[in-house]
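Observations on the model geometry
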Amino acid sequence: MAGIEPEEQLKELGSTLTGIEQVLDLDSMRRDIAELREQSADPGLWNDQERAQSVTRRLSYLESELNKVEGLRQRHDDVATLYEMAQEMDDADTRVEADEELASLRKAVQQLEVRTLMSGEYDAREALVTINAQAGGVDAADWAEQLQRMYLRWAERHGYPTEIYDTSYAEEAGIKSTTFTVKAPYAYGTLRGEHGTHRLVRISPFDNQGRRQTSFAGLDVVPVVEQSDHVDIDESELRVDVYRSSGPGGQGVNTTDSAVRITHIPTGIVVSCQNERSQLQNKATAMNVLQAKLLERKRQEEAEKMSALRGEGTSSWGTQIRNYVLHPYQIVKDLRTGVEAGNPSSVLDGDIDEFIEAEIRWMRQQESA
């Protein structure tokens, strides 16, 4: 923000922080933390493993968010003090340090501000992610596997737990499809803009003539269902198939036919799970995945009806959203926001926050237009 005095920048950042604190409702956050700490101290909590993990994840997230906001407020005050010291002592080095800290603070506040833009009905949910190889043959299967690694690495960078429910491996290399969850509050609101087709351009490692290959993979993001959700599923409309779990190259993971595939006949939605050794557990997980997909389908249909009533066109992010070009030059570019990165290797290693933050702002603009 060249040309704007530090005092004005600090005033603006202070105002933004106040707005963030109001939206996040820090007093309510502190009450929730106290209640969750009380629950986590109950020895009987771990009798229900799923509920215990949900409580501890929620507690960890809220504590992290609260510390982040309080830490930024403290940094804001410290930067102001640093500028005062630089002026009083007429110290150029201290002034440079203050300028650097102000730039760092501005970036951190902007990142946190993105969190306040996630106010959709399901944005606070955990995310269920499905990746499918599309056009491009073996390169597309390899590309789908790279995308899976990219999102798992992104989650790892942020300390978000993940669980892979199902992976269908391709014959030669890569994967046909995969489904996994990102178990963190607001994971859906954070990742929903990643929904769509991702395009890769590179010299194919599978082409003995070294030709350039374009391949595509589709990403689907839906919110994880909760007990309060109501999705009617008629058992008579389901086809349940049981098969043997397998790994890369067809290697058997389990020695029993425990993997479960469920087809919802009216919609054609197919879900599967093979990460548990128990067929019953795999079926229960697959049913949860099906509920999540049907819930998202219902939400989209309702949004389309409302748009039709208002005489609006519907917004869809289910088209090509981002290009990853590795040859003849190297760039990753989002087709909606225009955000670019010149280091695809870093992006494919999970460094995608800049893209995610830009698309959250873009979607908020689209939805409020």
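Residues numbered from 1 in each chain as written. Predicted model: local features only at pLDDT ≥ 70, side-chain atom pairs only at ≥ 80, totals over all residues. Heavy atoms only, no water.

A few words now on helix 2 (residues 26-40). Counted at 1.5 Å a residue, the expected span for helix 2 with its 15 residues is 21 Å, and the 21 Å between its end C-alpha atoms agrees. Taken as a whole, helix 2 has its buried residues at L26, M29, I33 and L36. For helix 2, the angular spread of the buried residues around the axis is 80 degrees, confining them to a single face. Seen from the open side of helix 2, the exposed residues pointing more than 90 degrees away from its buried face are R31 and E38. Packed against the buried residues of helix 2 are helix 1 (6-24) and helix 3 (49-89). (Helix = DSSP H or I, 4+ residues; strand = E, 2+ residues; numbered from the N terminus. Expected span 1.5 Å × (residues − 1). Buried < 20%, exposed > 50% of the residue type's maximum accessible area, 1.4 Å probe, protein only. Arc of directions from axis to C-beta. Contact = heavy atoms within 4.5 Å.)

This brings us to the confidence of the model for the protein chain. Keep in mind that low pLDDT regions are not for reading the predicted coordinates in detail. Confidence in the prediction for the protein chain averages 88 pLDDT; 91% of positions are at 70 or higher. In this model residues 310-318 is a low-confidence stretch, pLDDT under 50, and it forms 13 contacts with partners more than four residues away in sequence or in other chains. (pLDDT = per-residue confidence, 0-100.)

Pairing is antiparallel in the open sheet, where three strands are placed in the order 6-7-8. Both outer strands of the open sheet, strand 6 (238-243) and strand 8 (269-273), are each paired with one neighbouring strand and no more. When strand polarity is set aside, the average angle formed by the axes of neighbouring strands in this sheet is 15 degrees. By the bridge criterion, six bridges tie strand 6 to strand 7 (residues 259-264) in an arrangement that is antiparallel. When the bridges of strand 7 are listed, R239 appears paired with T263. (Pairing = 2+ DSSP bridges. Axes fitted to C-alpha atoms, helices over the stretch in contact; angles between N-to-C directions.)

Roughly 1,400 Å³ of volume is contained in the largest pocket. Taken together, 38 residues make up the lining of the largest pocket; nearest its centre are E50, R57, E126, V224 and V225. Of all the elements in the fold, those that place two or more residues in the lining of the largest pocket are helix 2, helix 3, strand 2 (162-169) and helix 7 (279-310). Ranked by the residues each element gives to the lining of the largest pocket, the list is headed by helix 3, at eight residues. Of the residues belonging to the lining of the largest pocket, the class tally is 13 nonpolar, 11 polar and 14 charged. (1 Å grid on protein atoms, 1.4 Å probe; cavity = no way out; pocket = protein on both sides within 12 Å on 5 of 7 lines; lining within 4 Å. Points joined across faces, edges and corners; volume = space filled by probe spheres on them. Nonpolar A, V, L, I, M, F, W, Y, C, P; charged D, E, K, R; others polar.)

Looking now at the nonpolar core. Within the largest apolar cluster, 83 residues are counted, with the highest numbers of intra-cluster contacts made by Y151, V182, L191, L290 and Y324. In terms of residue count, the dominant contributor to this core is helix 3 (11 residues). Discounting chain neighbours no more than four positions away, the residues touching Y151 are I131, F180, L191, E194, H198, L219, R322 and I352. (Core = buried A, V, L, I, M, F, W, Y, C linked by side-chain atoms within 4.5 Å.)

Relative to the 36 Å expected for 25 residues at 1.5 Å per residue, helix 4 (residues 92-116) spans 37 Å between its end C-alpha atoms, a close match to the ideal helical length. Restricting attention to buried positions, one finds in helix 4 the residues T94, A98, L102, L105, R106, A108, V109, L112, V114, R115 and T116. For helix 4, the N-terminal cap is D91; the gap from its side-chain oxygen to the backbone nitrogen of D93 is 2.9 Å. (Polar contact = N/O pair within 3.5 Å; in protein donor to acceptor, adjacent residues only side chain to side chain.)

The subject of this paragraph is a negative patch on the surface. Negative charge collects at one region of the surface, where E5, E7, E8 and E12 lie side by side. Residue placement: E12 occurs in helix 1. Look at E12 and you get partly exposed, because its relative accessible area is 44%. (Patch = residues over 30% accessible without salt bridge, like charges linked within 9 Å, V, L, I, M, F, W, Y side chains within 5 Å. Areas by Shrake-Rupley, 256 points an atom, 1.4 Å probe, with all protein chains shown as cover. Salt bridge = Lys/Arg side-chain N within 4 Å of Asp/Glu carboxyl O. Lys, Arg positive; Asp, Glu negative; His and termini not counted. Charge placed at Lys NZ, Arg CZ, Asp CG, Glu CD.)

Once that is clear, we can look at the pairing of strand 5 (residues 212-223). For a regular strand, the rule is simple: side chains alternate between the two faces of the sheet. Bridging between strand 1 (residues 127-133) and strand 5 involves seven bridges; their strand directions are antiparallel. Looking across to strand 5, one finds that T130 is bridged to D220. Summarising the sheet, strand 4 (residues 196-203) and strand 5 pair through eight bridges and their orientation is antiparallel. Each bridged residue has a counterpart across the sheet, and for L200 the counterpart in strand 5 is S215.

One open sheet accounts for eight strands, arranged 2-3-1-5-4-9-10-11; its pairing is mixed. Taken across any chain shown, the strands that pair with only one partner, and hence form the sheet edges, are strand 2 and strand 11 (340-341). The sheet contact formed by strand 10 (residues 331-334) and strand 11 spans two bridges and is antiparallel. Each residue of the ladder has a partner; that of V332, found in strand 11, is A341.

As a further point, take the packing of aromatic side chains. Applying the stated criterion across every chain yields a total of three aromatic pairs. Seen from their ring centres, W143 and Y324 are 4.8 Å apart, and the 65 degrees between their planes marks the pair as edge-to-face. Residue W143 is located in helix 5 (residues 137-158), and its partner Y324 is located in strand 9 (residues 320-325); the two are separated by 181 residues in the primary sequence. Here the two residues W143 and Y324 agree in accessibility, since each one is buried. A ring pair is formed by W154 and Y160, whose centres lie 5.5 Å apart and whose planes are at 70 degrees; its orientation type is edge-to-face. On the accessibility criterion, W154 (2% relative accessible area) is buried. Between R115 and the ring centre of Y186, over which it is positioned, the NZ or CZ distance is 3.7 Å. Across the ring face of W362, the terminal group of R336 is positioned such that the distance to the ring centre comes to 5.7 Å. (Phe/Tyr/Trp six-rings, centres within 6.5 Å; stacked < 30°, edge-to-face > 60°. Lys NZ or Arg CZ within 6 Å of the ring centre and 35° of its normal.)

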